[in-house]
Each structure stands twice: as structure tokens, then as C-alpha cells.
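Okay, here's what each chain looks like letter by letter:
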Amino acid sequence: MNSSYAVPAVALVVVATVLVGAFGLRISRTTSDFYVASRTVGPRLNAAAISGEYLSAASFLGIAGLVLVQGPDMLWYPVGYTAGYLVLLLFVAAPLRRSGAYTLPDFAEARLASQAVRRLAGAFVVGVGWLYLLPQLQGAGLTLTVLTGAPETLGGLIVAVVVTATVAAGGMRSITFVQAFQYWLKLTALLVPALFLVLAWQGDGAPRHAFEEPAAFREQRLVRVQDTVDLKLERPLTVTVSGTVDGRPHDDARLELPAGTHRVTAGTRLTFDRGDPVPVPDRGTSGGMSTSLAASREERPLYATYGLILATFLGTMGLPHVVVRFYTSPHGVAARRTTVAVLALIGGFYLLPPVYGVLGRLYTPELALTGDADAAVLLLPDRMIGGLGGDLLGALVAGGAFAAFLSTASGLTMAVAGVLTQDVLPSRGVRHFRLGTGLAMVVPLAASVLVGGLPVADAVGLAFAVSASSFCPLLVLGIWWRRLTPPGAAVGMLVGGGSAFLAVAATMAGVPGSGPLHSLLAWPALWSVPLGFLTMILVSLATPGRVPAGTAAILARFHLPEELRAAEVKA
Amino acid sequence: MSGFLAGLCVAVLPLLAAGFWLGRRTARPQTLGGLGTPVEHATFETLHTASLAAPPLRAGLNEETARRSARRLRTLLGTDALCLTDQQQVLAWDGVGAHHRTEIMARLAGPLETGRGEAFPLTCDTPDCPVRWAVVAPLTVDDRVHGALVACAPRESAVLVRAAGEVARWVSVQLELADLDQSRTKLIEAEVRALRAQISPHFIFNSLAVIASFVRTDPERARELLLEFADFTRYSFRRRGDFTTLADELHAIDHYLALVRARFGDRLAVTLQIAPEVLPVALPFLCLQPLVENAVKHGLEGKTEKCHIQITAQDTGAEALVVIEDDGAGMDPDLLRRILAGEISPSGGIGLSNVDDRLRQVYGDAYGLVIETAVGAGMKVTARLPKYQPGVHSAARLAPE
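Every value quoted in this text rests on a predicted model; they were computed, and no experiment measured them.

Counting its secondary structure elements, chain A contains 25 helices and eight strands. When each of the 571 residues of chain A is scored for burial, the buried share is 58%.

Once that is clear, we can look at the overall build of chain B. The helix and strand inventory of chain B stands at twelve helices and twelve strands. Evaluated residue by residue, chain B yields a buried proportion of 37% over its 401 residues. Partitioning the contacts of chain B with sequence separation of at least 6, the portion at a separation of at least 24 is 64%.

Here we take up the nonpolar core. Counting 191 residues, the largest nonpolar core has Val159, Ala376, Ala398, Phe402, Val416 and Val504 of chain A as its most contacted members. Setting aside its immediate chain neighbours within four residues, Ala376 of chain A contacts Ala64, Gly65, Leu68, Tyr356, Gly357, Gly360, Thr364 and Leu367 of chain A. Core analysis: the second largest hydrophobic core is formed by 51 residues, Val278, Ile311, Val355 and Leu369 of chain B among them.

Our next topic: unusual backbone geometry. One non-glycine residue with positive phi stands out, namely Ala113 of chain A, at about 50°. Within the secondary structure layout, Ala113 of chain A lies in the loop between α6 (104-112) and α7 (115-148). One non-glycine residue, Leu286 of chain B, lies in the positive phi region at around 50°. Summarising the element assignment, Leu286 of chain B is placed in the loop between β8 (282-284) and α10 (289-300).

A word on the confidence of the model for chain A. Detailed reading of predicted coordinates is not advised where the pLDDT is low. All names here are of chain A. When pLDDT is averaged along chain A, the result is 82; 86% of the residues meet or exceed 70. The least confident element of chain A is helix α10 (residues 283-286), whose mean pLDDT is 42; the most confident is helix α23 (residues 525-542), at 94. Taken together, the stretch residues 284-292 has pLDDT below 50 and engages in 24 contacts with residues farther than four places along the chain or on a different chain.

With that out of the way, let us pick up helix α3 (residues 38-57) of chain B. Residues spaced three or four apart along an α-helix point in a common direction, a consequence of the helix completing one turn every 3.6 residues. All names here are of chain B. The end-to-end C-alpha distance of α3 is 29 Å, a good match for the 28 Å that 20 residues give at a rise of 1.5 Å each. Within α3, burial applies to Ala53, Pro56 and Leu57. On an axial view of α3, the arc spanned by its buried residues comes to 95°, and they lie on one face. The exposed residues of α3 that point more than 90 degrees off its buried face are Glu40, Leu47 and Ser51.

All names here are of chain B. The topology assignment puts Arg234 in helix α8 (residues 219-237). Residue class for Arg234 comes out exposed when judged on the 11 C-beta atoms lying within 10 Å of it. Placed 18 residues apart in sequence, Arg234 and Ala252 show a C-alpha to C-alpha distance of 9.4 Å.

What follows covers the sheet that holds strand β5 (residues 144-153) of chain B. Residue and element names in this part refer to chain B. A sheet is described by the order of its strands in space; here five strands give the open sequence β2-β1-β5-β4-β3, paired in antiparallel fashion. Edge positions in the sheet fall to β2 (90-95) and β3 (118-121), since each of these pairs with one other strand and no more. When the angles between neighbouring strand axes are averaged without regard to direction, this sheet yields 20°. For strand β1 (residues 81-86) and β5, the ladder comprises six bridges, and the chain directions are antiparallel. The partner of Cys83 across the bridge, within β5, is Val150. Across the sheet, helix α4 (residues 63-77) lies against β1, β2 and β5, angled at about 35° from β2, the strand it touches most.

Residues and elements named next belong to chain B. The buried fraction of strand β4 (residues 133-141) amounts to seven of the nine residues, a majority that puts the element mostly inside the structure. Here β3 pairs with β4 via four bridges, running antiparallel. Its bridge partner being in β4, Ala119 is matched across the sheet by Val135. The pairing of β4 with β5 spans nine bridges and is classified as antiparallel. Looking across to β5, one finds that Trp133 is bridged to Ala153. Linkage of β4 to β5, two consecutive antiparallel strands, is achieved through a turn of two residues, within which Asp142 is found at a positive phi near 50°.

The next thing to look at is the packing of helix α9 (residues 246-264) of chain B against α10 of chain B. Residue and element names in this part refer to chain B. Relative to each other, α9 and α10 sit at 25°, their axes nearing to 10 Å. Our classification of the angle between α9 and α10 gives roughly parallel. Where α9 crosses over α10, the two elements pack in a sense that is right-handed. Taken together, the residues of α10 that come into contact with α9 (itself represented by Glu249, Ala252, Ile253, Tyr256, Val260 and Phe264) are Gln289, Val292, Val296 and Leu300. Its residues assigned to classes, the contact of α9 with α10 comprises eight nonpolar, one polar and one charged.

With that settled, the discussion passes to the packing of helix α9 (residues 175-203) of chain A against helix α15 (residues 352-363) of chain A. All names here are of chain A. α15 packs onto α9 with a crossing angle of 35° between their chain directions and a minimal axis gap of 10 Å. Of the two possible hands of crossing, α9 and α15 adopt the one that is left-handed. Between α9 and α15, the residues in contact are Leu190, Leu191, Ala194, Leu197 and Trp201 and Leu352, Val355, Tyr356 and Leu359, respectively. When grouped by side-chain class, the residues that make up the contact of α9 with α15 number nine nonpolar, no polar and no charged.

Further remarks concern the environment of Gly498 of chain A. Take Gly498 of chain A: it is sitting in helix α21 (residues 486-508). What makes Gly498 of chain A buried here is the crowd of 24 C-beta atoms within 10 Å.

With that settled, consider the environment of Ala275 of chain B. Checked against the element boundaries, Ala275 of chain B lands in the loop between β7 (268-274) and β8. Spatially, the C-alpha atom of Ala275 of chain B lies 9.2 Å from that of Ala320 of chain B, the residues being 45 residues apart in sequence.

Residues and elements named next belong to chain B. Per-chain confidence: chain B averages 80 in pLDDT, with 85% of residues scoring 70 or above. With pLDDT under 50 throughout, residues 397-401 is counted as low confidence; its partners more than four residues away or in other chains account for 16 contacts. Predicted as a complex, the structure gets a pTM of 0.77 and an ipTM equal to 0.81.

Reading guide: rules and limits
Residues numbered from 1 in each chain as written. Chains lettered and ligands numbered in written order. Predicted model: local features only at pLDDT ≥ 70, side-chain atom pairs only at ≥ 80, totals over all residues. Helix = DSSP H or I, 4+ residues; strand = E, 2+ residues; numbered from the N terminus. Buried ≥ 20, exposed ≤ 12 C-beta atoms within 10 Å, placed from the backbone. Contact = placed C-beta atoms within 7 Å. Core = buried A, V, L, I, M, F, W, Y, C linked by C-beta atoms within 7 Å. pLDDT = per-residue confidence, 0-100. Expected span 1.5 Å × (residues − 1). Arc of directions from axis to C-beta. Pairing = 2+ DSSP bridges. Axes fitted to C-alpha atoms, helices over the stretch in contact; angles between N-to-C directions. Parallel < 35°, antiparallel > 145°, perpendicular 65-115°, else oblique. Left-handed = near helix turned anticlockwise from the far one by under 90°. Nonpolar A, V, L, I, M, F, W, Y, C, P; charged D, E, K, R; others polar.

Here is the structure:
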């Protein structure tokens with residue numbers, strides 16, 4: 001792909017982000033504009049900011065990649081990512097705002113008056129934040145590799161450095177404006193190319209066979225296999241090989257492969273002819289973690305789908321960078337309105353990635369083979385339109401992708417650094433906040449170097465699973481159940497969230513094997529969320545004496561509209 | 001393989017962190033005791049137990065605090081049972097023999113009346129009841145009996161009587177400190193009220209004079225100013241809640257500045273930079289307006305040319321940073337330090353030290369005002385407001401837009 005436009009586009013996005021963040025509100029105002037200067041953030045602006053922060057690499061690149069490889073079943077991802085806000089709207093948004101809590105640990109302390117639960121919630125915020133940062137950095141690495149051929153870790157390093165620098169320097173002063181700007185940037189970066197791509201697809205005779213039959217090459221195509229894979233062939237296939245197939249080296253030889261499984265070693269180049277079906281990688285044997293989730297998904301599609309649905313529906317409310325944005329709403333009603341607007345904005349955005357996924361299956365089917373399916377969004381403009389137009393559209397998409405990494409990563413880094421500064425590092429202060437920022441970024445950066453490519457949407461799904469198993473019970477029971485006790489909350493979070501975390505760690509470590517156990521570990525939400533709820537309820541019931549003293553007053557504050565409360569205080 | 005290693009790290013890191021944290025929590029300073037003699041060790045352990053029992057009692061004597069401290073106190077005395085009572089009932093019973101509650105309460109009437117300790121045998125139907133004797137030591141604060149500490153033992157013991165008396169005296173000191181805390185809170189509340197009242201006479205007089213001067217020449221302006229005046233006084237005289245939001249406080253400051261500008265006209269220029277993210281932050285009622293008032297006073301003092309005041313509120317993650325800066329006469333830092341320390345009473349401004357005290361009271365000592373000034377160099381006052389603090393909630397929703 002031609003990078004002469006993409007690299008400046010990415011640089012432009014980075015610079016614009018830093019500038020809007022640092023100077024967005026530097027325009028001084030005189031007192032005559034007092035009402036302008038002190039107007040609270042409206043629901044629409046705040047919703048755009050929340051959406052901007054929320055739409056991460058998983059949304060921008062990952063969903064299209066998954067749809068490309070695994071078909072329309074993966075549409076549950078965008079549905080789940082959006083529906084999470086519906087649950088948030090129904091159960092959490094307004095009471096959370098009225099609680100006055102800025103972060104999840106704050107909420108735990110406000111509701112349960114317990115420092116221990118606060119610390120535990122802080123630990124989970126850090127854990128979820130790190131799990132969520134990891135795919136952002138990997139996505140950045142992938143994007144830069146596809147654009148320029150740079151090493152995998154460079155993109156992640158760039159995002160990490162930029163984000164750490166701006167956050168630590170006290171930047172992101174006008175974070176609401178930055179994030180709202182990023183949302184519209186991301187939407188544009190997907191929408192405009194999508195329109196052109198659909199036009200190109202129309203011009204191509206609008207082929208419709210995306211999922212009915214196995215994907216086929218539409219023209220002669222050279223594919224370089226990056227990781228060793230086993231290819232399963234239904235029918236004999238003739239390809240030109242330059243590399244190692246089935247242990248035998250070939251040099252630009254025309255080879256007839258019989259039906260069956262063939263091992264293609266990393267680095268081999270295969271040239272397929274027009275009309276050849278795209279061979280399917282055999283996931284069970286090729287090993288590696290990028291395939292482990294997919295394997296269990298193929299074995300138990302129903303279980304995997306339900307696990308995904310539960311994790312995304314209930315996990316959104318526990319995402320640290322989403323929760324802090326609700327504080328900006330002036331009151332509970334505004335928080336609800338904001339959530340409704342978020343649903344609209346995000347729902348609109350998520351119509352686009354599946355389009356890229358379907359077109360990717362038609363025009364870049366070989367990505368399923370090389371394990372770089374996440375790059376489909378980036379490659380499509382060049383592949384389908386080509387020329388200067390394709391380059392420019394590709395640059396736009398690349399810029400949007402970087403906006404996705406930067407906005408989500410900076411929001412997460414701020415949330416994690418805030419918790420580290422407040423609850424972990426010995427004393428508060430600006431210097432400790434900088435230290436916290438560094439710490440917040442170093443760990444996922446190191447992990448992203450060590451851990452190879454888990455598909456970004458799957459990695460984000462794991463973060464959702466942990467969040468759903470720890471924070472969802474805390475928030476829902478904390479807001480709606482007056483008999484929750486500090487020990488109950490602590491044990492529930494530890495058991496639910498902790499078990500989900502261990503399952504995720506085992507999955508990421510690529511614990512070998514398949515079968516039911518592996519599926520359970522790969523999609524933990526289905527058992528860990530009920531486990532968290534159950535433990536929290538049972539332990540709370542077992543410790544009735546520990547219900548915090550002010551519970552009734554606190555719940556009244558959560559649920560009564562602010563005007564009523566004011567009237568009550570006045571009376 | 002590297003994937004496996006990394007996953008292992010991911011799994012092990014939180015465990016390590018949890019272990020470290022647990023270790024720090026449970027590492028008792030006792031380990032240091034190994035360095036000294038057994039006597040030193042015992043002394044140290046006793047002091048440690050006493051220090052653990054102190055914090056709950058600092059909140060006063062009630063069921064919750066009694067329950068949390070009774071266990072430590074029993075360890076301190078080494079008895080089988082210990083109970084804490086107030087004037088009417090048993091607040092907490094730690095140890096065996098809780099069926100003696102009513103009996104003890106009945107016998108306590110005398111000691112609670114006289115404030116003198118005593119020891120008496122307990123009558124019990126249970127043949128193997130482990131507690132036969134009760135030692136009563138009253139808890140007194142300022143010569144008033146608040147309750148009693150009762151230690152129960154299998155037999156009478158002079159040592160226990162002495163020890164119970166000493167522990168009761170120690171508990172009484174803690175309760176006195178709790179009393180002191182309470183009166184300090186009351187004092188600060190009174191100060192807030194004083195601050196509210198303090199605005200009025202001086203400021204009301206000036207404002208009304210200004211408004212009067214406009215009544216003939218510019219009735220429309222006079223009407224607007226009267227409305228500003230009404231809004232400002234309504235805000236500062238309101239009685240509900242100790243906390244407000246930054247948005248409301250800024251609106252009050254706006255009304256205040258409108259009135260001041262009517263008086264000084266072009267001599268006063270104000271610049272604002274407010275990050276909208278921090279407007280919902282809750283903060284103590286009327287704690288920024290005095291700072292602005294101060295800046296106006298300093299800025300216009302002994303100067304004929306223009307004075308410039310800058311108000312900024314920034315979002316810094318978990319805190320809001322509010323800076324109020326003027327380019328006026330400034331102040332001698334040493335004088336200011338002594339005013340803030342309460343060594344000399346200021347001529348005009350109770351404002352700064354009062355705001356400083358209240359911020360420290362609400363958010364802790366790390367959150368006092370930071371003031372940068374020198375004679376002739378203006379003054380810059382910085383306040384840090386945490387976005388969340390337990391117990392800090394604004395009373396009402398933000399001003400309608």
C-alpha cells in the first residue's frame with residue numbers, strides 16, 4: 001500500500017489531537033461571556049465525547065476483521081457493544097451520576113463506606129484498563145505495519161509515547177472536546193470511504209455471494225503467509241509456491257496440492273489464480289493464540305455467542321474511561337439523555353464496520369489466510385479503488401484508526417493513572433500523577449510486545465468479561481439492593497472478577513487443548529457473571545450486621561431526582 | 001511460547017500485587033519487638049493494641065464505635081468479657097457471658113450516678129458460667145459520666161480493678177478528643193455562618209449606593225443591578241446544605257462582579273477560563289467568592305490604573321484546579337503566613353484564612369490554599385478541589401440554564 005499519504009494523515013491526527021487537547025479551551029473570555037464560559041457540557045457534546053472514547057481499535061478494525069473471517073455471526077459484537085449502553089441507561093446512568101462518584105472506586109466508597117472495597121475496586125479498574133489498553137497498542141502496531149512495513153511494535157510504541165506525554169504533561173485539558181472531535185473524525189474516516197467502496201462495488205456488478213459460498217480470489221493474487229498454518233483443501237488446488245510446503249522447499253514452482261491438510265511454513269509465498277477458492281486455515285492444529293478463541297467458537301457457537309452477549313451487555317458499565325465521563329453531566333436526567341444520545345451515535349457508527357467486513361470477504365479474502373484480518377479496513381480502499389483516490393481514502397481510514405487508538409488509550413490511561421495515583425502510590429501530587437501515567441502505560445506496552453496477535457475484538461471482549469463479572473454486580477446490586485454489605489461486595493468482586501481474570505489470563509497464555517474446559521475459559525462471562533452476583537448476594541445475606549449505617553439515605557440520594565432532594569432539604 | 005510467558009506474567013502480576021498488599025497490611029510492627037527484651041516487647045504490644053483501639057473511639061461513643069473498639073480493649077485487659085455502656089444500655093459486649101447484660105445494666109445505676117468505680121459479684125444460674133465478677137469503671141468527659149467500661153472475670157482481682165480504671169481513663173481521654181473534634185466542627189460551621197453574615201453590611205451598603213446612583217441616570221441599568229443584587233444575596237443567605245457546585249459558585253461570583261464593576265467601571269477587567277468538565281464539582285459553599293473579593297480588593301487597592309483579575313478552573317483528572325490571580329498590590333508573604341496561622345488577626349480579610357480552614361477541614365490538610373505573592377507583585381491563589389470526597393454532595397442541582 002502506498003504510504004506517502006497515510007503517514008502524513010496519521011501524523012496530522014496525532015498533532016491535531018495534542019493541539020485540541022492542550023489549547024482547545026485556552027481562548028480567554030471576558031466576564032460579559034460569563035454564561036458562555038460557565039455553561040455545562042450538554043448531553044450531545046458529552047455523548048459524542050463518550051462515543052469518541054469508547055470506539056476503540058476493536059470497533060474500528062476488529063469487527064470488520066471478524067466478519068471477514070467468520071461471517072455474519074460476528075455481528076453480535078457491534079450489537080453487544082451498543083446494547084451495553086442500553087443496560088447502562090436502564091440500570092446505572094442516572095443513579096451513578098447522582099452518587100457524585102467520579103470513578104468506580106469512588107462509587108464503591110460512597111455506597112459501602114469501606115476503604116477495603118475501594119482498594120479492591122481500584123485494583124480491578126487497573127486490571128480492566130490494562131486488558132483494554134493492550135489491544136489498542138496492538139492495533140496501532142498492526143496499522144503501522146500494514147501502512148509502512150514498520151516492525152509490529154513501533155505503532156504501539158508511538159501511541160504509548162504520545163498518550164503518556166500528553167496525559168502526564170497535564171494535557172487533555174479539554175478532554176471533552178478532544179474526544180467529541182475524535183468521534184466525528186472516526187465516523188468520517190469510516191463513512192466517506194464506505195460510500196466510495198459501495199459505489200465501487202456497484203460498479204463491479206454488485207456481487208452478492210459473500211457468504212453463500214467459500215470465498216474465492218477475484219484475480220491472480222500473491223499471498224505471503226506470516227505464521228505457519230495448516231491449510232485444509234476440499235478439492236485439489238494448483239498454486240505457485242515459493243517457500244516451504246509440507247516440509248519441502250520449493251522455489252517458484254507450480255504445485256498441484258491434493259485435497260487434505262497441508263502445512264505452509266511462515267514466510268512462504270503462494271500465488272493463487274483467478275477463481276481459486278480461498279483455502280481455510282485449520283484452526284485446531286495450527287496452534288498459537290490468535291486462533292484459540294475462534295476454535296472454541298467453532299466448536300460451541302451457541303455457548304460462545306451467549307458468553308459474548310453477556311460480557312458486552314453487562315461489561316460496558318464497568319469500563320473505567322466510560323464511567324468518568326458521566327461525571328461531566330450536570331445531573332441525573334442529563335446523564336440519561338447523554339446515554340440515549342450515545343446509543344444513537346454508536347448505533348450509527350456500528351453500521352459501517354460490517355460493510356467493510358463483507359466487502360473484505362469479497363475483495364481481500366486472503367487476509368483470512370495470513371492472520372491479518374484486522375487490516376481489512378485499511379487495505380480495502382487501495383484494493384477496490386486504487387490510484388490516487390484509493391490512496392487518499394486509505395489515508396483517511398488510517399488517520400481514523402489512529403484517532404481510535406489515541407482517544408481510547410488516552411481515556412484509559414487517565415482513568416488507570418488516576419486510580420494508581422489515588423489509591424496505590426504513597427502520596428498524591430502532580431509528580432505522582434506523572435509516575436502513575438507512566439506505570440499505567442508501561443505494563444500494557446510490555447505485554448503487547450510479549451503477547452502476539454490476539455484479534456483485537458476478541459481481546460477487548462476479554463476485558464469486557466472481567467468488567468462484567470466484577471463491576472456489573474457491584475453497580476447493579478449497589479444501586480438496587482439495600483442489603484449489600486462491604487464483605488459481600490468484596491468477596492463477590494474477588495470471586496466473579498477474579499475467576500474471569502484468571503480465565504482470561506489462561507486464554508491469553510494459550511493454555512493448550514480444546515474441549516469444554518477451553519470454551520469455558522475462552523468465554524468466561526456466562527458463568528463468572530452469575531457467580532459474581534451469587535457470591536455477592538450470599539455473602540451479603542450472611543453478614544447482615546455489616547450493612548452500612550447510612551444505606552437508606554444513600555439509596556434515596558441515588559434514586560431521587562435532584563429537585564426533589566433540594567425541596568426536601570429546604571423543608 | 002512468548003505468548004505463554006506473557007500470559008503467565010499477566011496472571012502472576014496481580015497475585016504478586018495482592019500478596020504485597022496483604023503483606024504490608026498484616027506486617028505488624030511487632031516484628032520489630034524481636035529486637036528488644038521481653039519487657040520491651042510486652043510494652044510495645046500493649047501500646048500497639050491501645051493505638052488500634054483509639055481510632056474508632058475518636059468518633060465518639062456509639063454502638064458502632066463501641067463494637068469496633070471493645071475487642072481491642074478486651075485484648076488490652078486480658079479479661080474473658082468486656083462491655084461498654086452508655087447511660088441507658090449496653091453498647092457492645094465482647095467475649096463470653098453476654099446473658100449478664102441486663103443484670104449489669106441494673107447494677108450500673110449507682111456508678112453511673114456517682115462516677116466512682118466498683119466491683120461486684122454476678123449472680124448466675126448457669127453452673128459453669130465463666131464470669132463471676134464484674135469490675136465497673138466509669139467513662140467521664142468533663143466530669144460528666146458518659147457511660148461505663150465493665151470488665152468481667154472469674155474471680156475478684158485487685159489488679160483487674162486497677163487496670164480497668166486505667167483503661168477507662170484512657171478511653172475517657174479519647175472521648176474527650178472526640179468531643180473536641182465535634183466542637184471544632186461546630187466552630188467551623190459557626191465560622192461559615194459568620195462568613196455568610198460578614199458579606200452583608202459592608203457590601204450591601206456599597207451595592208445599594210451604586211444602584212441608587214443609577215436610578216435617575218439609567219433606570220434600566222439600576223433594575224438589572226438590583227436583580228443581580230437579589231440573586232447574589234439569595235445565594236449567600238441560603239440556609240440549606242454546606243456544599244454547592246462550582247457552576248453555582250461561579251454564577252454567584254458573576255453577580256458579585258457585576259455589582260463591583262458597576263462601582264469601578266473600566267478599572268476592573270476580568271478574564272475567565274473555565275473547563276466545562278469541572279462545573280459539576282461539589283465544593284464548600286462560598287469558598288471561592290471570598291477569594292475573588294480579596295482579589296478585587298487587592299487589585300484596586302492604592303492603584304488608579306486598571307486592575308486585571310483572572311479566574312481559571314482546570315480539569316486535572318481526579319481534581320479540579322481553581323486559580324484566582326490579580327495584578328494588584330500583593331502582600332508581604334510573612335505577614336500573610338502569620339495571618340493564615342492565626343497569629344495576628346487581619347485588618348479586613350477574614351476571607352483567606354477562613355476559606356483555607358474550611359478546605360482543610362473538608363478535604364484534609366493536603367488541600368489547603370496555595371498563595372503566591374510578594375509586595376507589589378499581585379497575588380495568585382490556587383485551590384485544589386477533589387472531584388469526589390466522601391460526604392461532600394451539593395445540595396441542589398445546577399442553576400437552570
